[in-house]
Amino acid sequence: DYKWGGKGTSANPCDIDFRGYAPFSEKETKAVRNWVDAQKSKIVLYINFHAYGQLWMTPYGYSLDTPSNEKEMMKYSKIAVDAIKKVRGTDYNYGPVYSTIYPASSISVDWVRGAEQILIAYTVELPDKGKHGFITPEHEITPIGYETWKGIEKLLMRFGEEKNLLRTNEIVIV
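Here goes a summary of the coordinates provided. (Residues numbered from 1 in each chain as written. Predicted model: local features only at pLDDT ≥ 70, side-chain atom pairs only at ≥ 80, totals over all residues. Heavy atoms only, no water.)

**Some words on the overall build of the protein**
Inference 1: Each helix and strand counted, the protein has 5 helices and 5 strands in total.
Inference 2: From first element to last, N terminus to C terminus, the protein shows the α and β order α-β-β-α-β-α-α-β-α-β.
Inference 3: Computed over its C-alpha atoms, the radius of gyration of the protein comes to 16 Å, within 12% of the 16 Å expected for a compact globule of 174 residues.
Inference 4: Counting every atom, the protein has about 9800 Å² of accessible surface; 53% of that belongs to carbon and sulfur.
Inference 5: The averaged location of the 22 negative side-chain charges in the protein is 5 Å from the averaged location of its 22 positive side-chain charges. (Helix = DSSP H or I, 4+ residues; strand = E, 2+ residues; numbered from the N terminus. Rg over C-alpha atoms; globule rule 2.2 N^0.38 Å. Areas by Shrake-Rupley, 256 points an atom, 1.4 Å probe, with all protein chains shown as cover. Lys, Arg positive; Asp, Glu negative; His and termini not counted. Charge placed at Lys NZ, Arg CZ, Asp CG, Glu CD.)

**Here we look at the nonpolar core**
Inference 1: Residues Trp56, Tyr122 and Leu155 are the most contacted members of the largest nonpolar core, which totals 19 residues.
Inference 2: Per element, the largest residue contribution to this core is 6 residues, and it comes from helix H2 (residues 70-88).
Inference 3: Of all hydrophobic cores here, the second largest spans 13 residues; its members include Phe24, Val112, Ile118 and Ala121. (Core = buried A, V, L, I, M, F, W, Y, C linked by side-chain atoms within 4.5 Å. Buried < 20%, exposed > 50% of the residue type's maximum accessible area, 1.4 Å probe, protein only.)

**As for the environment of Ile118**
Inference 1: You can see Ile118 is positioned in the loop between helix H4 (108-114) and strand E4 (121-126).
Inference 2: According to the relative accessible area criterion, Ile118 is buried, its value standing at 1%.
Inference 3: In this structure, the C-alpha to C-alpha distance between Ile118 and Val87, residues 31 residues apart in sequence, is 29 Å.
Inference 4: Aside from chain neighbours lying at most four places away, what touches Ile118 is Lys40, Ile43, Val44, Leu45, Tyr46, Val112 and Arg113. (Contact = heavy atoms within 4.5 Å.)

**Side note on the packing of H2 against helix H5 (residues 138-163)**
Inference 1: Two elements in contact, H2 and H5, have axes whose closest approach is 8 Å; the angle formed by their N-to-C orientations is 140 degrees. Between H2 and H5, the crossing angle belongs to the class labelled oblique. Between H2 and H5 the crossing geometry is right-handed.
Inference 2: For the contact of H2 with H5, the residue count by class is 11 nonpolar, 2 polar and 10 charged. (Axes fitted to C-alpha atoms, helices over the stretch in contact; angles between N-to-C directions. Parallel < 35°, antiparallel > 145°, perpendicular 65-115°, else oblique. Left-handed = near helix turned anticlockwise from the far one by under 90°. Nonpolar A, V, L, I, M, F, W, Y, C, P; charged D, E, K, R; others polar.)

**Focus on H5**
Since the α-helix packs 3.6 residues into each turn, any two residues three or four apart lie on the same face.
Inference 1: For H5, with 26 residues, the first-to-last C-alpha span of 37 Å sits near the 38 Å given by 1.5 Å per residue.
Inference 2: Buried residues of H5: Ile144, Glu147, Thr148, Gly151, Ile152, Leu155, Leu156, Phe159 and Gly160, and no others. (Expected span 1.5 Å × (residues − 1).)

**With respect to the packing of aromatic side chains**
Inference 1: Per the stated rule, a full pass over the model turns up 8 aromatic pairs.
Inference 2: With a centroid separation of 6.0 Å and 35 degrees between ring planes, the pair formed by Tyr2 and Tyr60 is classed as tilted. Taken together, the positions of Tyr2 in the segment before helix H1 (27-39) and Tyr60 in the loop between strand E2 (55-58) and H2 put the pair 58 residues apart, joining distant regions of the chain.
Inference 3: Its relative accessible area of 7% is what places Tyr60 among the buried residues.
Inference 4: Three or more aromatic residues joined by ring pairs form one cluster here, namely Tyr2, Tyr60 and Tyr62.
Inference 5: Over the aromatic face of Tyr2 sits the side chain of Lys3, whose NZ or CZ is 5.8 Å from the ring centroid. (Phe/Tyr/Trp six-rings, centres within 6.5 Å; stacked < 30°, edge-to-face > 60°. Lys NZ or Arg CZ within 6 Å of the ring centre and 35° of its normal.)

**Notes on the side chain of Thr123**
Inference 1: With respect to the helices and strands, Thr123 occurs in strand E4.
Inference 2: Those residues in contact with Thr123, other than ones at most four positions away along the chain, are Asn48, His50, Leu55, Trp56, Met57, Val97 and Val109.

**Let's talk about unusual backbone geometry**
Inference 1: At the junction of Ala51 and Tyr52, the peptide bond is cis and its omega measures out at 15 degrees in the coordinates.
Inference 2: Residue position: Tyr52 is located in the loop between strand E1 (43-51) and E2.
Inference 3: The backbone of Lys3 sits at a positive phi, close to 55 degrees, despite the residue not being glycine.
Inference 4: Structurally, Lys3 is set in the segment before H1.
Inference 5: Note on Lys3: relative accessible area 42%, which makes it partly exposed.
Inference 6: In the Ramachandran plot, Gln54 falls in the positive-phi region, its phi being about 60 degrees despite a non-glycine side chain.

This is the structure:
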């Protein structure tokens, strides 16, 4: 329910940007909320994947406000997108949701960072840039998965080294 229902959302259930009838009004969003609430003391990184656009985005979508650790999240964004590019040349832009793509209130990355206080949170728009849109060709699924994992892996390795988190069983990555 963090900053729910603002810019970039619609109350019309027929619109593509329908926000739901209320915060967590759908069983899928309730399930995510309940799981995050139960695990949040262990979560160090949250990534919400979407298609499409080749964007690696930090909170927030509801306004131009940025989290207190925006600089840190941007640093890890750059690490991830640089690693992705090394795999097969896929370019990602990165930055806050609001200014990188468009205003988008009521999104999970805002809630996770703003309400749940998960320090590192991203929305990632996977390839492509519009040729295929939301319908990723079958032959692209594995390469996209591989390059995306390489970005996440590099981000996690750096984050773990800097935060001394590599030798724990208590990390949950969402």
